[in-house]
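Listed below, chain by chain, are the residues.
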Amino acid sequence: MTVGLLSAIMGLCGLIISFYSGFSLLTAATDIRLTIAPMPIIFSFLMLLPVAALISAMLLMIGCYARSIKESNSYASYVMVVVVLLAMVSVIRQGSEPSMESFLIPVMNTTITQQELLMGIINWYHIGLTILTTGLLAVFAFILSVTSFLNERILFRI
């Protein structure tokens, strides 16, 4: 989770740097001004907290059932493929209005809401639903991973 949050912070810092310095070269020839407000950056980071917790809890749970590091990495790669595919949905659906059901699917809801935030749309219902559903799933995955981690049959292969 720490690595996920650090990469999220670095990604958001890169976004801020590119908006305030990198795009100034592109917009110098035109009258277009690209800016990003601090509030969308804060909400983007807040939405990444439950996603990082959910993915790390899922990977910990998978790691408990694996017999070796190689097997654990193999299982984790399937989880990461699903995460990337869910994140790519926001790019594919560009231009269409997202349905309310799409805000109940973890990772996809976060990418759609972050896309809205970058466009300057602050929809409190979407932000709240995204944090709530992903947070509840993260708590559920954390409870399952702790339960499986504490199970001696799984850890010691009895």
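Bear in mind the structure is a predicted one, so any value in this text is a computation, not a measurement.

Conventions adopted
- Each residue is numbered by its place in its chain's sequence as written, counting from 1.
- The predicted nature of this model means local features are confined to residues of pLDDT at least 70 and side-chain atom pairs, given and counted, to a pLDDT of 80 or more, with totals for whole chains, interfaces and linings taken over all residues.
- Side-chain calculation: all heavy atoms of the structure are included, whereas hydrogens and water are not.
- Between rings of Phe, Tyr and Trp, where Trp is taken as its six-membered ring, a pair exists when centres lie within 6.5 Å; planes separated by under 30 degrees are stacked, by over 60 edge-to-face, and by other angles tilted.
- Strands are runs of DSSP state E lasting at least 2 residues, helices are runs of H or I lasting at least 4, and numbering of each runs from the N terminus.
- The classification of residues rests on relative accessible area computed with a 1.4 Å probe and restricted to protein chains. Under 20% of the type maximum is buried, over 50% is exposed, and intermediate values are partly exposed.
- Confidence scores per residue from the predictor, reported as pLDDT, run from 0 to 100.
- We call two residues in contact when some of their heavy atoms are within 4.5 Å.
- Under this definition, polar contacts are N or O atom pairs within 3.5 Å; protein pairs additionally need one hydrogen-donor-capable and one acceptor-capable atom, and for neighbouring residues in sequence, both atoms have to be side-chain atoms.
- For cavity detection a 1 Å grid was placed over the protein atoms alone, and a set of points counts as a cavity when a 1.4 Å probe fits there but cannot get out; an open set counts as a pocket when protein lies on both sides within 12 Å along at least five of seven lines, with lining residues being those that have an atom within 4 Å of a point.
- Grid points are joined across faces, edges and corners, and a volume is the space filled by probe spheres set on the points.
- Polar here means any residue other than Ala, Val, Leu, Ile, Met, Phe, Trp, Tyr, Cys and Pro, which are nonpolar, and Asp, Glu, Lys and Arg, which are charged; Gly is therefore polar.
- Surface patches are defined over residues having more than 30% relative accessible area and no salt bridge, joining like charges when they lie within 9 Å and nonpolar side chains (Val, Leu, Ile, Met, Phe, Trp, Tyr) when within 5 Å.
- All accessibility values rest on the Shrake-Rupley procedure with a 1.4 Å probe; residue burial counts only the protein chains present in the view.
- When a carboxyl oxygen of Asp or Glu is within 4 Å of a side-chain nitrogen of Lys or Arg, the pair counts as a salt bridge.

## Here we look at the packing of aromatic side chains
For any pair of aromatic rings, the description rests on two quantities: the centre-to-centre distance and the angle between the ring planes.
Thinking step 1. This structure, assessed with the given rule, holds 1 aromatic pair.
Thinking step 2. Residues Phe-43 and Trp-124 carry aromatic rings whose centres are separated by 5.1 Å and whose planes lie at 85 degrees to one another, so their mutual orientation is edge-to-face. You can see Phe-43 sitting in helix H2 (residues 38-65) and its partner Trp-124 sitting in helix H5 (residues 124-150), a full 81 residues away along the chain.
Thinking step 3. With a relative accessible area of 54%, Trp-124 lands in the exposed category.

## Quick notes on the confidence of the model for the protein chain
Thinking step 1. In this model, the protein chain carries a mean pLDDT of 83, and residues with pLDDT of at least 70 account for 87%.
Thinking step 2. When pLDDT is averaged over each element of the protein chain, H5 comes out on top at 91 and helix H6 (residues 152-156) at the bottom at 71.

## Side note on the side chain of His-126
Thinking step 1. Structurally, His-126 can be placed in helix H5.
Thinking step 2. Assessed through its relative accessible area of 3%, His-126 is described here as buried.

## Section: the environment of Ser-145
Thinking step 1. Mapped onto the elements, Ser-145 comes out in helix H5.
Thinking step 2. When neighbours within four sequence positions are excluded, Ser-145 is seen to be in contact with Ala-57, Leu-60, Met-61 and Cys-64.
Thinking step 3. Of note is the side chain of Ser-145, whose polar atom sits 2.8 Å from the backbone oxygen of Phe-142.

## Concerning the environment of Val-146
Thinking step 1. By the secondary structure assignment, Val-146 is in helix H5.
Thinking step 2. Given the relative accessible area of 32%, Val-146 is considered partly exposed.
Thinking step 3. Expressed as a C-alpha distance, the spacing of Val-146 and Leu-60, which sit 86 residues apart in the sequence, is 8.6 Å.

## Some points on the environment of Ala-8
Thinking step 1. Position of Ala-8 relative to the elements: it lies in helix H1 (residues 2-27).
Thinking step 2. Residues Ala-8 and Ala-52 lie 44 residues apart in sequence; the distance between their C-alpha atoms is 8.9 Å.

## Here's the deal with the layout of surface pockets
Thinking step 1. Looking at the largest pocket, its volume works out to about 660 Å³.
Thinking step 2. Lining of the largest pocket is provided by 26 residues; of these, Gly-4, Ser-7, Ala-8, Leu-48 and Val-51 occupy positions nearest its centre.
Thinking step 3. Breaking the lining of the largest pocket down by element, the ones donating at least two residues are H1, H2, helix H3 (69-92) and helix H4 (108-118).
Thinking step 4. Residue classes in the lining of the largest pocket are distributed as 17 nonpolar, 9 polar and no charged.

## Looking at a nonpolar patch on the surface
Thinking step 1. Among the surface-exposed residues, Leu-60, Val-139, Phe-142, Ile-143, Val-146, Phe-149 and Leu-150 lie close enough to one another that they form a single nonpolar patch of about 670 Å² accessible area.
Thinking step 2. The greatest single-element share of the nonpolar patch, amounting to 6 residues, is contributed by H5.
Thinking step 3. Structurally, the position occupied by Val-139 is in helix H5.
Thinking step 4. Owing to a relative accessible area of 47%, Val-139 belongs among the partly exposed residues under this scheme.

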